[in-house]
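Listed here are the chains, written in short residue letters.
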Amino acid sequence: MGFLKTLFGGKDESPEEKRKRDEARQLDMLKTDGIRAIHIGKYDYAIKCLTKALEMSDELELHDYLSQAYIQNDQLREGFGQLQLLAAAQPENIQIFTTMAKVAYMMEDYQAMSDACEKATLLDKDNAEVMFLYARCSLGQGDKVNAVAMLTKTILLDENFHAAYLDRGDTLLKMGDIEGASEDADHLMTVADGAEDVLLLKGRVLLAQNKPSEAADIFTRAIENNPFCTAAYRGRGTARLTLGDKEGAESDMRQVLEQDPHALDDINGHFSAQGKD
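These numbers were taken from a predicted model, which means no experiment stands behind them.

**Quick notes on the overall build of the chain**
Point 1. A tally of regular secondary structure across the chain gives 15 helices and 0 strands.
Point 2. Of all 277 residues assigned to the chain, the portion counted as buried reaches 40%.
Point 3. Excluding contacts between residues fewer than 6 apart, the proportion of contacts in the chain whose partners are at least 24 apart in sequence is 45%.
Point 4. A total of about 15500 Å² of accessible surface is found on the chain, and carbon and sulfur atoms cover 50% of it.

This is the structure:
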């Protein structure tokens, strides 16, 4: 056998070479299994595979996939930690900072969200998505005025950014600017008529304009689209009560309580549909 290896240029594999080859094969298997597990929703297994892989090789790609697995598994703090490692290694990658901002938003950690948005803004001050996230950060911190300004800038940067119109309309309504909220709601009705959030905003604006009959019709449309939309039943109940339809209002409130037994904590004597600030 040794003669054949010499003849054909082969050579015996050393123990060290074999060890490295086996480790490379194991690393590749762990990475492949981890990625596949993410795609099929087995996030616990993905985390185990990718964590083990990182013990063998500290690769940025592995940190990226591990962050995705943690986030999908509702382990937001752990996922954010992986994103911080990525940001330190790639400080010019704006996508990492926007993802960090989104995860911080889900954690309701508005300081971390603000930091991520600030770093993203330094990379691209005219990025509509970053400006929108900064606006949501301001909303989380209770700064409605600054949020409206940022949402307006978002729309100036991208006139098709429908979520910015939605958040601005909602915020203006809470601030008592019914006219401004109505403009945003009407715009959305022309470009996204039928979307649940748009119908809810329009219905709430109509209630604020003291148009309960029209509001009830809008909330009914939302219910027809989604029979489990608690907010629509709540809004229609308010409209029906205003119209003097006590029986209809009580029926809607029963639907609210059936779908969300804790909703009673948020329902006042007038079945307010304005939402909490």
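**Re the nonpolar core**
Point 1. Within the largest apolar cluster, 60 residues are counted, with the highest numbers of intra-cluster contacts made by F80, M100, V103, M113 and A232.
Point 2. In contact with M113, other than residues within four places in its own chain, are A101, A104, Y105, L133, R136 and C137.
Point 3. Core analysis: the next-biggest nonpolar cluster, separate from the first, contains 15 residues, A37, I38, A46 and L62 among them.

**Concerning the packing of helix α4 (residues 60-72) against helix α5 (residues 76-89)**
Point 1. With their axes 8 Å apart at the nearest point, α4 and α5 run at an angle of 155 degrees to one another. Judged by the inter-axis angle, α4 sits roughly antiparallel to α5. As α4 packs across α5, the resulting crossing turns out to be left-handed. The segment α4 lies against α5, with L60, H63, D64, L66, S67, Y70 and I71 engaging L76, E78, G79, Q82, L83, L85, L86 and A89.

What counts and how
Residues numbered from 1 in each chain as written. Predicted model: local features only at pLDDT ≥ 70, side-chain atom pairs only at ≥ 80, totals over all residues. Heavy atoms only, no water. Helix = DSSP H or I, 4+ residues; strand = E, 2+ residues; numbered from the N terminus. Buried < 20%, exposed > 50% of the residue type's maximum accessible area, 1.4 Å probe, protein only. Contact = heavy atoms within 4.5 Å. Areas by Shrake-Rupley, 256 points an atom, 1.4 Å probe, with all protein chains shown as cover. Core = buried A, V, L, I, M, F, W, Y, C linked by side-chain atoms within 4.5 Å. Axes fitted to C-alpha atoms, helices over the stretch in contact; angles between N-to-C directions. Parallel < 35°, antiparallel > 145°, perpendicular 65-115°, else oblique. Left-handed = near helix turned anticlockwise from the far one by under 90°.

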